[in-house]
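# Descriptive analysis of the structure
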Amino acid sequence: MTDKGKQVDTSETPDPQTALGAVMPVIADLLERGTRAFALSDWENAIDYFGELSSITEQTFGDESQRYADSLVMYGRALLQHAIEQNALLAQKTLAEAATGTLNKNEESEDEQAQPSKANIQFEGEPDFRQVDEQDEVEEDATEEDEDDDFAAAWNVLDVARVIQEKATDTKSQLKYAETLMLLGDVSMESENFAQAVTDFTSALRVKQACLADGDRELAEIYYKVALAHEYNQETSKALELMSDVQRILNNRLQSIKDSTEDKDEFESLQEVLADVKAKIEEWKAPPERVDVGAVTGGDQLLADKAKEMLRLAVEAGKVTDITSLVKPKSKKRDGENKPEDSETKRVKNEM
């Protein structure tokens, strides 16, 4: 019975199972769309889908759930790939402008009435590189800031996933945790924060060592990543020590499958990988080449610096087959010991 004059509340509390049943198709659709976009290298749409997926997953399963962490990893990976693509496009543009500038300079040298070029060549200006366009400089700065924001966003998202995943103790969850650490290492490499990359990759290595057999090829991959980070961090001797572990794992795997007809393709692939690893070791052992820049001054120096950087990146693009893609450092530097503040409390915003 109810008191006279009081309105009876006939509304019912929503059934949790009914609510979950309603949201699961939405989650499945976002996952499918995001995965398809990622497979097609459509990073912007992948970011949108995975960002929305992360938001819904957090609201549905909680901000400490493994489902939420999984969606964050997908979101962070898309952010990272988008940032890498934008960085590569800027590098290609710089290389093209450098090549054009060289061509224009050669043409001008043949013209007896050509005026002397200015000392500081501006790559953001007009095609003749002799006039600074302030608007182009502003656009260039904005582009670099956007790329920095993409890398920072990827770091923040992946770091939240790391905090969640490190609490799980089962083998499957620990391997996911290791993959997230490797992605964080990739972000650090792209941001030219090599000391932090060493830390992230080394942590991933320790986790995988506890979960995988010694001869697992995944260990060869992570050993290589740690070695690469040490090499970029000017620690060549340590890098070479780690490369010996890569060789050991690959050689052991080759010995275990050399008489197997079913593993013939893998055997041949591993032989190629091992040859590439040996070549990389010899490259790191060789003394660095010295470039005589004594005769290069002013605008020529700037052009030479750009060209040398592009050449180095092109050489590094000769990746080690089936182990890892060599990363291309970016101009931004972060403090090697500091991660974004309050990373454990950050929540993904679907604003990308």
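Residues numbered from 1 in each chain as written. Predicted model: local features only at pLDDT ≥ 70, side-chain atom pairs only at ≥ 80, totals over all residues. Heavy atoms only, no water.

With that settled, the discussion passes to the overall build of the chain. Helices and strands together make up the secondary structure of the chain, namely ten helices and zero strands. Beginning at the N terminus, the succession of helices and strands in the chain can be written as α-α-α-α-α-α-α-α-α-α. Residues classed as buried in the chain amount to 38% of the 352 residues present. Intrachain contacts of the chain at a sequence separation of at least 6 include 69% that bridge at least 24 residues. Total accessible area on the chain is roughly 20400 Å²; 48% of this is exposed by carbon and sulfur atoms. (Helix = DSSP H or I, 4+ residues; strand = E, 2+ residues; numbered from the N terminus. Buried < 20%, exposed > 50% of the residue type's maximum accessible area, 1.4 Å probe, protein only. Contact = heavy atoms within 4.5 Å. Areas by Shrake-Rupley, 256 points an atom, 1.4 Å probe, with all protein chains shown as cover.)

A cluster of acidic residues, Asp 42, Glu 44, Asp 48, Glu 52 and Glu 85, forms a negative patch on the protein surface. Looking at which element gives the most residues to the negative patch, the answer is helix H2 (residues 43–61), with three residues. What makes Glu 52 partly exposed here is its relative accessible area of 34%. (Patch = residues over 30% accessible without salt bridge, like charges linked within 9 Å, V, L, I, M, F, W, Y side chains within 5 Å. Salt bridge = Lys/Arg side-chain N within 4 Å of Asp/Glu carboxyl O. Lys, Arg positive; Asp, Glu negative; His and termini not counted. Charge placed at Lys NZ, Arg CZ, Asp CG, Glu CD.)

Moving on: the packing of aromatic side chains. Taken as a whole and judged by the stated rule, the model has two aromatic pairs. Taking 4.9 Å as the distance between ring centres and 70° as the angle between the ring planes, the aromatic pair formed by Phe 38 and Trp 43 counts as edge-to-face. Classification of Phe 38 by relative accessible area gives partly exposed; the value is 24%. Given the relative accessible area of 10%, Trp 43 is considered buried. Positioned above the aromatic ring of Phe 61, the side-chain terminus of Arg 67 is 4.6 Å from the ring centre. (Phe/Tyr/Trp six-rings, centres within 6.5 Å; stacked < 30°, edge-to-face > 60°. Lys NZ or Arg CZ within 6 Å of the ring centre and 35° of its normal.)

Scored by pLDDT, the chain has a mean of 76; 62% of the residues are at 70 or more. Ignoring residues within four places in sequence, the model shows residues 112–133, a span with pLDDT below 50, making 35 contacts including any to other chains. Scored below 50 in pLDDT, residues 318–352 makes 105 contacts in the model with residues more than four places away or belonging to other chains. (pLDDT = per-residue confidence, 0-100.)

Here the focus is the packing of helix H7 (residues 217–232) against helix H9 (residues 264–285). Contact geometry of H7 with H9 gives a least axis separation of 13 Å together with a crossing angle of 15°. It follows that H7 is roughly parallel to H9 by the angle criterion. For the crossing formed where H7 meets H9, the hand is left-handed. Taking contact as the criterion, the partners of Arg 217, Tyr 224, Ala 227, Leu 228 and Glu 231 in H7 are, on H9, Glu 266, Ser 269, Leu 270, Val 273, Lys 280 and Trp 284. Residues of the contact of H7 with H9, tallied by class, amount to six nonpolar, one polar and four charged. (Axes fitted to C-alpha atoms, helices over the stretch in contact; angles between N-to-C directions. Parallel < 35°, antiparallel > 145°, perpendicular 65-115°, else oblique. Left-handed = near helix turned anticlockwise from the far one by under 90°. Nonpolar A, V, L, I, M, F, W, Y, C, P; charged D, E, K, R; others polar.)

Judged by nonpolar contacts, the single largest core of 67 residues is most densely connected at Met 189, Phe 201, Ile 222, Met 243, Val 246 and Leu 250. No other element matches the ten residues that H7 contributes to this core. The residues contacting Phe 201, other than those within four sequence positions of it, are Met 182, Gly 185, Asp 186, Met 189, Ile 222, Lys 225, Val 226 and Ala 229. (Core = buried A, V, L, I, M, F, W, Y, C linked by side-chain atoms within 4.5 Å.)

You can see Asp 150 is positioned in helix H4 (residues 134–165). For Asp 150, a relative accessible area of 10% corresponds to the buried category. Within the structure, the side chain of Asp 150 is placed 3.1 Å from the side chain of His 82, a separation counted as a polar contact. (Polar contact = N/O pair within 3.5 Å; in protein donor to acceptor, adjacent residues only side chain to side chain.)

Another point: H2. Taking 1.5 Å per residue, 19 residues should reach 27 Å; H2 reaches 26 Å between its end C-alpha atoms and fits that length. For H2, every residue scored as buried is listed here: Trp 43, Ala 46, Ile 47, Phe 50, Gly 51, Leu 53, Ser 54, Ile 56, Thr 57 and Glu 58. Positive phi shows up at Gly 62, right after H2, with a value of about 105°. (Expected span 1.5 Å × (residues − 1).)

What follows concerns the pattern of salt bridges. Counted by the stated rule, this structure contains 15 salt bridges. The partner of Arg 36 in a salt bridge is Glu 32, and the shortest N-O contact between them spans 3.0 Å. Here Glu 32 and Arg 36 lie together in helix H1 (residues 16–39), a separation of four residues that amounts to about one turn. Relative accessible area serves as the criterion here: at 44%, Arg 36 is assigned to the partly exposed category. Judged by its relative accessible area of 46%, Glu 32 falls in the partly exposed class. Its salt-bridge partner being Arg 162, residue Asp 159 comes within 2.7 Å of it at the nearest N-O pair. With a gap of three residues between them, Asp 159 and Arg 162 both fall in helix H4, about one helical turn apart. Note on accessibility: Asp 159 and Arg 162 belong to one class, buried.

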